Amino acid sequence: WSSCSLQCGTGGKRYRRRALALTSEDFPGTGAQTGATIRRYDLLYRETKALEDYHLSEVAVAFFGGSCVALLGMAFVRGAGVTGGRRLGTPAATYRSIAGP
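Residues numbered from 1 in each chain as written. Predicted model: local features only at pLDDT ≥ 70, side-chain atom pairs only at ≥ 80, totals over all residues. Heavy atoms only, no water.

### Description of the overall build of the protein chain
- Within the protein chain, the regular secondary structure consists of one helix and zero strands.
- Across the 101 residues that make up the protein chain, the buried fraction comes to 3%.
- Only carbon and sulfur atoms are counted for the fraction: they give 63% of the accessible area of the protein chain, which is about 10100 Å². (Helix = DSSP H or I, 4+ residues; strand = E, 2+ residues; numbered from the N terminus. Buried < 20%, exposed > 50% of the residue type's maximum accessible area, 1.4 Å probe, protein only. Areas by Shrake-Rupley, 256 points an atom, 1.4 Å probe, with all protein chains shown as cover.)

### Regarding the packing of aromatic side chains
- Scanning all chains against the criterion turns up one aromatic pair.
- Residues Y41 and Y45 carry aromatic rings whose centres are separated by 6.3 Å and whose planes lie at 25 degrees to one another, so their mutual orientation is stacked. With Y41 and Y45 both in helix α1 (residues 30-83) and four residues apart, this pair spans about one turn of that helix.
- Look at Y41 and you get exposed, because its relative accessible area is 58%.
- The exposure class of Y45 is partly exposed, given its relative accessible area of 49%. (Phe/Tyr/Trp six-rings, centres within 6.5 Å; stacked < 30°, edge-to-face > 60°.)

### Quick word on the pattern of salt bridges
- Counted by the stated rule, this structure contains one salt bridge.
- A salt bridge links R46 to D42; the nearest nitrogen and oxygen atoms lie 3.3 Å apart. With R46 and D42 both in helix α1 and four residues apart, this pair spans about one turn of that helix. (Salt bridge = Lys/Arg side-chain N within 4 Å of Asp/Glu carboxyl O.)

Next comes the structure, spelled out in C-alpha cells:
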C-alpha cells in the first residue's frame, strides 16, 4: 500500500499496485506432479466416459423393453375386451351357465 495522501483527517486515498512477471523457471517437483495429475485425470475421464456410454445403451434397452411390454399388455386387454372372455370363433350358445338353467 502507498502512504495516505493526507496527513490528518478523513478523505485521504491509498492505492496499491501489483505486477506479475512470467518466468520460465521450473519450481522443484512440479513437473513430475503435474504429469501424474494429468495422467490420473485422463484415466478418470476415460472411465467416466465408458460408464456414461454404457448407461445410455442400458436406458435405451430398458425403454425399448418397456414399450414392448406395454404394447403387448394393451393388445391382451383389447383382445379380452373384444371377445368378452370367449375364444374367437366359439359361439356364445356353446357355453353353459354356471348359475343353472
